[in-house]
Amino acid sequence: MLELDDSRWSELSHAYGQAADIPDLLRRLAERPAQQGPRDEPWFTLWSSLCHQGDVYSASYAAIPHIVEIALSKTGPIDFSFFLLPASVDVARVNGRGPATPSFLKAAYDTAIGRLFDCVVAHREDRWDQDMTIAATAAMAVSKGWHALAEAVMNLDEDLISKINDGDWD
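Bear in mind the structure is a predicted one, so any value in this text is a computation, not a measurement.

Caption draft 1: Looking closely at the environment of D90. For D90, the location among the structural elements is in helix α4 (residues 81-94). Remark: the alpha-carbon pair of D90 and Y61, spanning 29 residues in sequence, is separated by 8.8 Å. Not counting chain neighbours up to four residues away, the residues in contact with D90 comprise Y109, I113, V142 and H147.

So, in C-alpha coordinates, the structure goes:
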(Lines give C-alpha, C1' and ligand atoms only; values in the text may rest on other atoms or scores of the structure.)
Protein backbone atom coordinates (compact mmCIF):
# COMPACT_ATOMS: atom_id res chain seq x y z
CA MET A 1 0.00 0.00 0.00
CA LEU A 2 1.30 3.42 -0.94
CA GLU A 3 2.02 5.21 2.34
CA LEU A 4 0.23 8.51 2.82
CA ASP A 5 3.50 10.42 3.10
CA ASP A 6 4.98 8.88 -0.07
CA SER A 7 6.04 11.51 -2.61
CA ARG A 8 4.57 9.42 -5.45
CA TRP A 9 1.08 10.73 -4.65
CA SER A 10 2.07 13.89 -6.50
CA GLU A 11 2.87 11.74 -9.56
CA LEU A 12 -0.62 10.22 -9.54
CA SER A 13 -3.65 11.94 -10.98
CA HIS A 14 -7.34 12.30 -10.28
CA ALA A 15 -10.18 14.11 -12.03
CA TYR A 16 -8.77 17.53 -11.18
CA GLY A 17 -5.06 16.94 -11.73
CA GLN A 18 -2.27 16.01 -9.37
CA ALA A 19 -3.31 13.76 -6.46
CA ALA A 20 -1.15 15.25 -3.70
CA ASP A 21 -4.34 16.25 -1.82
CA ILE A 22 -5.68 12.71 -1.49
CA PRO A 23 -3.56 11.63 1.52
CA ASP A 24 -4.99 14.44 3.68
CA LEU A 25 -8.51 13.50 2.64
CA LEU A 26 -7.82 9.89 3.62
CA ARG A 27 -6.46 11.01 6.99
CA ARG A 28 -9.66 12.99 7.56
CA LEU A 29 -11.72 9.98 6.53
CA ALA A 30 -10.01 7.83 9.16
CA GLU A 31 -11.11 10.39 11.77
CA ARG A 32 -14.76 10.47 10.57
CA PRO A 33 -15.84 7.04 9.31
CA ALA A 34 -19.48 7.27 10.46
CA GLN A 35 -22.36 7.88 8.09
CA GLN A 36 -22.43 11.33 6.57
CA GLY A 37 -24.52 13.42 4.22
CA PRO A 38 -23.86 13.22 0.47
CA ARG A 39 -22.14 16.64 0.39
CA ASP A 40 -20.06 16.13 3.54
CA GLU A 41 -16.31 16.06 3.41
CA PRO A 42 -14.11 14.23 2.87
CA TRP A 43 -16.40 11.86 0.94
CA PHE A 44 -17.65 14.52 -1.45
CA THR A 45 -14.15 15.37 -2.68
CA LEU A 46 -12.98 11.74 -2.64
CA TRP A 47 -15.90 10.72 -4.85
CA SER A 48 -15.58 13.65 -7.24
CA SER A 49 -11.81 13.21 -7.51
CA LEU A 50 -11.51 9.42 -7.66
CA CYS A 51 -14.66 8.32 -9.50
CA HIS A 52 -15.76 11.34 -11.49
CA GLN A 53 -18.77 10.67 -13.73
CA GLY A 54 -17.82 7.00 -13.88
CA ASP A 55 -14.16 7.57 -14.75
CA VAL A 56 -11.30 6.52 -12.49
CA TYR A 57 -7.66 7.53 -12.24
CA SER A 58 -4.29 6.30 -11.01
CA ALA A 59 -4.95 7.91 -7.62
CA SER A 60 -8.16 5.88 -7.36
CA TYR A 61 -6.11 2.69 -7.26
CA ALA A 62 -3.80 4.12 -4.60
CA ALA A 63 -6.66 5.33 -2.38
CA ILE A 64 -8.79 2.17 -2.36
CA PRO A 65 -6.43 0.13 -0.12
CA HIS A 66 -6.57 2.93 2.45
CA ILE A 67 -10.35 3.15 2.29
CA VAL A 68 -10.69 -0.62 2.77
CA GLU A 69 -8.16 -0.60 5.62
CA ILE A 70 -10.02 2.20 7.39
CA ALA A 71 -13.30 0.28 7.06
CA LEU A 72 -11.70 -2.87 8.46
CA SER A 73 -10.15 -1.03 11.39
CA LYS A 74 -13.30 0.76 12.55
CA THR A 75 -16.00 -0.63 14.79
CA GLY A 76 -19.54 0.58 14.68
CA PRO A 77 -21.44 2.05 11.75
CA ILE A 78 -19.48 3.37 8.79
CA ASP A 79 -20.57 5.32 5.74
CA PHE A 80 -21.89 3.24 2.84
CA SER A 81 -19.23 4.83 0.60
CA PHE A 82 -16.66 2.55 2.22
CA PHE A 83 -18.31 -0.18 0.15
CA LEU A 84 -19.69 1.77 -2.79
CA LEU A 85 -16.62 3.78 -3.81
CA PRO A 86 -14.28 0.75 -4.06
CA ALA A 87 -16.96 -1.21 -5.91
CA SER A 88 -17.58 1.71 -8.29
CA VAL A 89 -13.86 2.15 -8.95
CA ASP A 90 -13.38 -1.51 -9.73
CA VAL A 91 -16.42 -1.68 -12.01
CA ALA A 92 -15.11 1.37 -13.87
CA ARG A 93 -11.64 -0.19 -14.11
CA VAL A 94 -13.02 -3.42 -15.56
CA ASN A 95 -15.19 -1.45 -18.00
CA GLY A 96 -12.16 0.45 -19.34
CA ARG A 97 -13.09 3.76 -17.71
CA GLY A 98 -9.60 4.40 -16.36
CA PRO A 99 -5.93 3.69 -16.91
CA ALA A 100 -4.32 0.35 -16.19
CA THR A 101 -3.40 -0.10 -12.55
CA PRO A 102 0.21 1.06 -12.13
CA SER A 103 2.47 -1.89 -11.33
CA PHE A 104 3.60 -0.44 -7.99
CA LEU A 105 -0.06 -0.21 -6.87
CA LYS A 106 -1.45 -3.44 -8.35
CA ALA A 107 -0.80 -5.90 -5.50
CA ALA A 108 -2.21 -3.63 -2.79
CA TYR A 109 -5.19 -2.67 -4.94
CA ASP A 110 -6.05 -6.28 -5.83
CA THR A 111 -5.72 -7.31 -2.17
CA ALA A 112 -7.99 -4.47 -1.08
CA ILE A 113 -10.68 -5.40 -3.60
CA GLY A 114 -10.53 -8.98 -2.36
CA ARG A 115 -10.91 -7.78 1.23
CA LEU A 116 -14.16 -5.95 0.52
CA PHE A 117 -15.99 -9.14 1.47
CA ASP A 118 -14.15 -9.05 4.83
CA CYS A 119 -15.34 -5.45 5.28
CA VAL A 120 -18.93 -6.48 4.79
CA VAL A 121 -18.52 -9.29 7.30
CA ALA A 122 -16.81 -6.96 9.79
CA HIS A 123 -19.80 -4.60 9.68
CA ARG A 124 -22.58 -7.17 9.46
CA GLU A 125 -23.90 -6.28 12.92
CA ASP A 126 -24.21 -2.57 12.08
CA ARG A 127 -27.64 -1.17 11.33
CA TRP A 128 -28.04 -0.99 7.55
CA ASP A 129 -30.50 0.96 5.48
CA GLN A 130 -31.27 0.13 1.86
CA ASP A 131 -28.36 2.22 0.53
CA MET A 132 -25.89 0.41 2.78
CA THR A 133 -27.31 -2.96 1.77
CA ILE A 134 -26.98 -2.13 -1.93
CA ALA A 135 -23.41 -0.87 -1.41
CA ALA A 136 -22.42 -3.94 0.61
CA THR A 137 -23.93 -6.27 -1.98
CA ALA A 138 -22.04 -4.51 -4.77
CA ALA A 139 -18.82 -4.71 -2.75
CA MET A 140 -19.26 -8.45 -2.19
CA ALA A 141 -19.97 -8.99 -5.89
CA VAL A 142 -16.85 -7.05 -6.93
CA SER A 143 -14.70 -8.90 -4.41
CA LYS A 144 -15.74 -12.18 -6.03
CA GLY A 145 -15.24 -10.93 -9.59
CA TRP A 146 -18.91 -10.39 -10.47
CA HIS A 147 -18.60 -6.88 -11.89
CA ALA A 148 -21.72 -6.92 -14.08
CA LEU A 149 -23.79 -8.02 -11.08
CA ALA A 150 -22.22 -5.29 -8.94
CA GLU A 151 -23.02 -2.69 -11.58
CA ALA A 152 -26.64 -3.87 -11.81
CA VAL A 153 -27.03 -3.73 -8.03
CA MET A 154 -25.52 -0.23 -7.91
CA ASN A 155 -28.16 0.92 -10.41
CA LEU A 156 -31.08 -0.17 -8.23
CA ASP A 157 -33.38 2.53 -6.91
CA GLU A 158 -36.90 2.50 -5.45
CA ASP A 159 -38.57 2.76 -8.88
CA LEU A 160 -36.55 -0.05 -10.43
CA ILE A 161 -36.96 -2.29 -7.39
CA SER A 162 -40.74 -1.77 -7.55
CA LYS A 163 -40.81 -2.52 -11.28
CA ILE A 164 -38.80 -5.70 -10.80
CA ASN A 165 -40.98 -6.83 -7.90
CA ASP A 166 -44.16 -6.06 -9.84
CA GLY A 167 -42.89 -7.81 -12.98
CA ASP A 168 -43.21 -4.53 -14.89
CA TRP A 169 -40.60 -4.94 -17.65
CA ASP A 170 -41.96 -2.28 -20.03
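Caption draft 2: Up close: the nonpolar core. Counting 48 residues, the largest nonpolar core has I22, L46, I64, I67, F83 and L85 as the members making the most contacts within it. With 9 residues, the single largest contributor to this core is helix α3 (residues 58-73). Residues in contact with I22, not counting those within four places in the same chain, are W9, H14, L46, S49, L50 and A63.

Caption draft 3: Just the environment of I64, in detail. By secondary structure assignment, the location of I64 is in helix α3. Expressed as a C-alpha distance, the spacing of I64 and T111, which sit 47 residues apart in the sequence, is 10.0 Å. Leaving out residues up to four positions away in the same chain, I64 has contacts with L85, P86, V89, Y109, A112 and I113.

Calculation criteria
- Residues numbered from 1 in each chain as written.
- Predicted model: local features only at pLDDT ≥ 70, side-chain atom pairs only at ≥ 80, totals over all residues.
- Heavy atoms only, no water.
- Helix = DSSP H or I, 4+ residues; strand = E, 2+ residues; numbered from the N terminus.
- Contact = heavy atoms within 4.5 Å.
- Core = buried A, V, L, I, M, F, W, Y, C linked by side-chain atoms within 4.5 Å.
- Buried < 20%, exposed > 50% of the residue type's maximum accessible area, 1.4 Å probe, protein only.

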